[in-house]
Amino acid sequence: MANDLMNRFDVDPFFDRMARHFFSPSNYDNDYANFGNLKTDIKETDKDYTLKIDVPGVDKQYIHLAYQNDTLSLNINQDHSSEQKDENGRVIASERSHGVMSRSYTLPGVDRDHIAASVDDGVLNVTLPKVTESHDQDGHIEIN
C-alpha cells in the first residue's frame, strides 16, 4: 500500500534513498534510510518476553512505549536539523527533517507493572515479565 501511495507521485523509495545518499552522503542519511526498519528480535521464556529493537541514532527522549490490551506499542517521533557555514560564518546549507515510526507487538499475559526498558548503543531493550499464574488449577475459591 505504501508503494502504491509513493507511485502516485512517481517516487520510488529505493531510488529516492539511493539518490539522496549519492548527492548528499552523510551519517544522518544512513540513519534516516534505516529509520523505517525497526528490526526486532523477540525471545520468549517461561518467565518473560525480551525484545531487542534497533533504533540507531534515536535518543530515548523520542521513544514512547505503551502496553495496553496485550499489545506493546512503540512510537518514535524525531526531528533533525543541521546547518553548514562557510569560513565567514554565513549559512550555505540548512536542512530539516522529521521522522515518525510506529510498530506494535502482541504479547499476552504481561505483568504491566514490572516492564523494564533501556537504550544501549542504538538498541532498545524491553523486558516484559509474564503474569505469574496460580498453582491452584481447579479454580476453587475458599469462602470464610
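Our structure's up above, just so we're on the same page.
Residues numbered from 1 in each chain as written. Predicted model: local features only at pLDDT ≥ 70, side-chain atom pairs only at ≥ 80, totals over all residues. Heavy atoms only, no water.

Turning our eyes to something else, we now look at the sheet that holds strand β7 (residues 123–129). Pairing in this open sheet of four strands is antiparallel, and the strands run β1-β2-β7-β6 from one edge to the other. At either margin of the open sheet sits one strand with a lone partner, and together these are β1 (40–44) and β6 (116–120). On average, each strand axis in the sheet is inclined to that of its neighbour by 15 degrees, with strand direction left out of account. Pairing between strand β2 (residues 48–54) and β7: seven bridges, direction antiparallel. By the bridge assignment, Y49 is partnered in β7 with L128. (Pairing = 2+ DSSP bridges. Helix = DSSP H or I, 4+ residues; strand = E, 2+ residues; numbered from the N terminus. Axes fitted to C-alpha atoms, helices over the stretch in contact; angles between N-to-C directions.)

Glycine aside, a negative phi is what most residues show, and trans is what most peptide bonds show. At N69, a position not held by glycine, the phi torsion is positive, near 55 degrees. Look at D70: it is not a glycine, yet its phi comes out positive at around 65 degrees.

Take the pairing of β6 next. The pairing of β6 with β7 spans five bridges and is antiparallel. If you follow A117 over to β7, its bridge partner there is V126. Remark: two residues form the turn of the hairpin made by β6 and β7, two consecutive strands paired antiparallel; D121 in that turn has positive phi of roughly 50 degrees.

Before going further, it helps to examine the nonpolar core. Grouped together as the largest cluster of nonpolar side chains are 18 residues, with contacts concentrated most on L51, I53, V55, L72, L74, L107 and L128. Looking at this core, the elements with two or more residues in it are β2, β3 (63–68), β4 (71–85), β5 (91–106) and β7. The contacts of L72, once residues within four sequence positions are left out, are L51, L65, A66, Y67, R103, S104, Y105, L107, V126 and L128. (Core = buried A, V, L, I, M, F, W, Y, C linked by side-chain atoms within 4.5 Å. Buried < 20%, exposed > 50% of the residue type's maximum accessible area, 1.4 Å probe, protein only. Contact = heavy atoms within 4.5 Å.)

Structurally, D48 is set in strand β2. For the buried residue D48, which engages in no salt bridge, the nearest side chain bearing the opposite charge is K43, 7.3 Å off. With sequence-adjacent residues up to four places away left out, D48 is seen in contact with K43, T127, L128, P129 and K130. (Lys, Arg positive; Asp, Glu negative; His and termini not counted. Salt bridge = Lys/Arg side-chain N within 4 Å of Asp/Glu carboxyl O.)

By themselves, these figures tell us nothing about what the structure is for.
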